Amino acid sequence: NAGVTQTPKFQVLKTGQSMTLQCAQDMNHNSMYWYRQDPGMGLRLIYYSASEGTTDKGEVPNGYNVSRLNKREFSLRLESAAPSQTSVYFCASSEAGPGQPQHFGDGTRLSIL
Amino acid sequence: GENVEQHPSTLSVQEGDSAVIKCTYSDSASNYFPWYKQELGKGPQLIIDIRSNVGEKKDQRIAVTLNKTAKHFSLHITETQPEDSAVYFCAAPAYSGAGSYQLTFGKGTKLSVIP
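How each quantity is defined
- Residues numbered from 1 in each chain as written.
- Chains lettered and ligands numbered in written order.
- Predicted model: local features only at pLDDT ≥ 70, side-chain atom pairs only at ≥ 80, totals over all residues.
- Heavy atoms only, no water.
- Salt bridge = Lys/Arg side-chain N within 4 Å of Asp/Glu carboxyl O.
- Buried < 20%, exposed > 50% of the residue type's maximum accessible area, 1.4 Å probe, protein only.
- Pairing = 2+ DSSP bridges.
- Helix = DSSP H or I, 4+ residues; strand = E, 2+ residues; numbered from the N terminus.
- Axes fitted to C-alpha atoms, helices over the stretch in contact; angles between N-to-C directions.
- Core = buried A, V, L, I, M, F, W, Y, C linked by side-chain atoms within 4.5 Å.
- Contact = heavy atoms within 4.5 Å.
- Polar contact = N/O pair within 3.5 Å; in protein donor to acceptor, adjacent residues only side chain to side chain.
- Nonpolar A, V, L, I, M, F, W, Y, C, P; charged D, E, K, R; others polar.
- pLDDT = per-residue confidence, 0-100.

Caption draft 1: Structural detail: the pattern of salt bridges. Residues and elements named next belong to chain A. A complete count under the given rule lists 7 salt bridges over all chains for this structure. Across the salt bridge formed by Asp-38 and Arg-36, the nearest N and O atoms sit 2.9 Å from each other. Using a relative accessible area of 9% as the deciding quantity, one classes Arg-36 as buried. Here Asp-38 makes a salt bridge to Arg-44, at a shortest N to O gap of 2.8 Å. The pair formed by Asp-38 and Arg-44 is uniform in burial state, with each residue classed as buried. Look at the salt bridges and you will find they share partners, linking Arg-36, Asp-38 and Arg-44 into a network.

Laid out in structure tokens, this is it:
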């Protein structure tokens, strides 16, 4: 049982390049999330998808887009990467509704030069 | 929205001692409080959670307490071991409308257990 799988694990981009981060979960969860983690800032929500077919902005959505491809997959796209987007990106999933624990992948470490 | 404050940001303890991490939250309607442990190079992993109908929950050396009146909750680790060294995050739910819920995370506590 893989849980939440993120690809790639590491990536280096040049400013202005585009990239899609992939996330897939095998727990049949309805809700999925994308976070970024920066030193001293904790986990900040970029976008989330409460259920298949819906997506909503989180705390820091600027510069990103998402696609909920199906119930299993939720991708994050950087259209024109900027150095400020250098971060570790985590995908998570959970059952829908309140009081549901989120399960995280091991992250994508992204550096933008 | 929900605001979660976590203290301390770093904590060093001797092996065998106890560690306590505290969080406060702002939304009195919040009713679910998870704690996550993040080891180096890994994603956060849920270690314990508590719901507002109980004041304390234990799981071996880990316990969480909740004070709804004061709007704070704490993680207690007893008999600390080197493998407890990690970053710990607290979180509280935030309702974002149309039946959608998110988690708002504290900024984390880096725990170092000194052998």
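Back to the write-up after that little detour.
Caption draft 2: Just the sheet that holds strand S7 (residues 64-68) of chain A, in detail. All names here are of chain A. Spatial ordering of the open sheet is given by S1-S3-S8-S7, a layout of 4 strands whose pairing is antiparallel. The open sheet is flanked by strand S1 (4-7) and S7, the only strands paired with a single partner. This sheet shows a mean twist of 20° between the axes of neighbouring strands, independent of strand direction.

Caption draft 3: Inspection of the nonpolar core at higher detail. Phe-33, Trp-35, Phe-73, Leu-75, Ile-77, Tyr-88 and Leu-111 of chain B are the most contacted members of the largest nonpolar core, which has 23 residues in total. By size, the runner-up hydrophobic cluster in this structure holds 19 residues, among which are Leu-21, Ile-46, Tyr-47 and Phe-74 of chain A.

Caption draft 4: Summary view of the interface of chain A and chain B. Residue-level contacts link 21 residues of chain A with 18 residues of chain B. The interface formed by chain A and chain B includes 1 salt bridge. Residue Lys-42 of chain B pairs with Asp-106 of chain A through a salt bridge whose shortest N-O separation is 3.9 Å. Linking chain A with chain B are 6 residue pairs in polar contact (both at pLDDT 80 or more), by the criterion used here. Split into classes, the residues belonging to the side of chain A that touches chain B amount to 11 nonpolar, 8 polar and 2 charged.

Caption draft 5: Structural detail: the sheet that holds strand S8 (residues 72-77) of chain B. Residues and elements named next belong to chain B. The strand order across the open sheet built from 5 strands is S1-S3-S8-S7-S6, with neighbouring strands paired in antiparallel fashion. Where the open sheet ends on each side, the last strands, each with one partner, are strand S1 (4-7) and strand S6 (56-59). Taking the axes of each pair of neighbouring strands and ignoring which way they run, one obtains an average angle of 15° across the sheet. Both strand S3 (residues 19-25) and S8 contribute to a ladder of 6 bridges, which runs antiparallel. Looking across to S8, one finds that Val-20 is bridged to His-76.

Caption draft 6: Unusual backbone geometry, seen in detail. For the bond from Thr-7 of chain A to Pro-8 of chain A, the omega torsion is -5°, close enough to zero to count as cis. Assignment of secondary structure puts Pro-8 of chain A in the loop between S1 and strand S2 (10-13). Residue Pro-8 of chain B is reached from His-7 of chain B by a cis peptide bond, and omega for that bond is -5°. Inspection of the secondary structure assignment puts Pro-8 of chain B in the loop between S1 and strand S2 (10-14). The backbone phi angle of Asn-28 of chain A is positive, close to 60°, even though this residue is not glycine. Of note, Asn-28 of chain A is situated in the loop between strand S3 (19-25) and strand S4 (31-38). Of note in this structure, Lys-71 of chain B is not a glycine but carries a positive phi near 55°.

Caption draft 7: Quick look at the confidence of the model for chain B. Of the residues in chain B, 97% have a pLDDT of 70 or more, and the chain-wide mean is 92. Element-level mean pLDDT values for chain B span from 87 in strand S10 (residues 101-105) of chain B up to 98 in S2 of chain B.

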